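Chain residues, written in single-letter form:
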Amino acid sequence: MDHSEKGYGKTPGIPLRMKVIGMMGIAVVLCVILLILFSHLGHNRHFFMQEKETAQLRDDLNTFIAKTKGTSQQLAKNQYVVDRLLKHPHLTDDEELNRDILTALHSVKLVSNASIVYVMNHTGYVIASTLYNSNNNLTGNRYRFRPYFTMAMNGYHTIYPAVGITTGKRGL
């Protein structure tokens, strides 16, 4: 007896065309599920990498701020700076006074790799400044409105990131 004549291997009532369409539908659904899964895994990997980079940037910024804060505190203890602020807290044309404090400021600028270093008196005037853009300085400018100045005058150690109103550059 021939099995093909009796209908063995055939599903009664479901045409072959419907079976193929059903299998294609299942394949499409599986592809969509796999696509969503791989997309989610890729997103998680990207998120993990971004989180790692953010942590590195945070650590680098914290190190930089700590270094900057330490540099600022050392500058505040520098004898030339202290003497200049105590004995001559205003602008002066005295070349010897200016030379001593500018030497100290220039040293801090080189060691800290800063673009500009300056000292302000108790009224917010810059009484000494290193050069920026080759031939400009901040000497004589008044910045008493800046939060870093008001906080410092209230006894707080402050690191204040901002865009300079004179230089137009970002700084601390």
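Residues numbered from 1 in each chain as written. Predicted model: local features only at pLDDT ≥ 70, side-chain atom pairs only at ≥ 80, totals over all residues. Heavy atoms only, no water.

S.K.: Got a minute to help me understand the overall build of the protein chain in this structure?
M.R.: Within the protein chain, the secondary structure is distributed over 5 helices and 4 strands. Whereas a compact globule of 172 residues would reach a radius of gyration of roughly 16 Å, the protein chain reaches 35 Å, over 25% beyond that. Across its three principal axes, the protein chain shows a C-alpha extent of roughly 120 × 35 × 25 Å. Counting only residues that meet the buried cut, the protein chain has 17% of its 172 residues in that class. For the protein chain, contacts bridging at least 24 residues in sequence account for 37% of all contacts bridging at least 6. (Helix = DSSP H or I, 4+ residues; strand = E, 2+ residues; numbered from the N terminus. Rg over C-alpha atoms; globule rule 2.2 N^0.38 Å. Buried < 20%, exposed > 50% of the residue type's maximum accessible area, 1.4 Å probe, protein only. Contact = heavy atoms within 4.5 Å.)

S.K.: Looking at this model, I keep getting lost on the side chain of R146. Mind explaining?
M.R.: Within the fold, R146 resides in the loop between β2 (126-129) and α5 (147-153). Taking relative accessible area as the criterion, R146 reaches 12% and is therefore assigned buried.

S.K.: Any chance you could explain the environment of G140 here in plain terms?
M.R.: For G140, the location among the structural elements is in the loop between β2 and α5. Classification of G140 by relative accessible area gives partly exposed; the value is 29%. Those residues in contact with G140, other than ones at most four positions away along the chain, are L91, Y125 and V126.

S.K.: Is there a simple way to think about the layout of surface pockets in this case?
M.R.: Take a probe with the size of a water molecule and roll it over the atoms, and the empty space left behind shows itself. Considering only enclosed or pocket space, the largest pocket measures out at about 1,800 Å³ in volume. S72, Y118, Y148, T158 and L172 are, among the 50 residues lining the largest pocket, the residues nearest its centre. Of all the elements in the fold, those that place two or more residues in the lining of the largest pocket are α2 (16-77), α3 (79-87), α4 (95-112), β1 (118-120), α5, β3 (162-163) and β4 (170-171). Sorting elements by how many residues they give to the lining of the largest pocket places α2 first, with 9 residues. Residue classes in the lining of the largest pocket are distributed as 28 nonpolar, 17 polar and 5 charged. (1 Å grid on protein atoms, 1.4 Å probe; cavity = no way out; pocket = protein on both sides within 12 Å on 5 of 7 lines; lining within 4 Å. Points joined across faces, edges and corners; volume = space filled by probe spheres on them. Nonpolar A, V, L, I, M, F, W, Y, C, P; charged D, E, K, R; others polar.)

S.K.: So what exactly am I meant to see when it comes to the side chain of K109 here?
M.R.: Along the chain, K109 falls in helix α4. Filtering out sequence-adjacent residues up to four positions away, K109 remains in contact with A114, S115, I116, V117, T130 and L131.

Nothing here speaks to function; it is geometry throughout.
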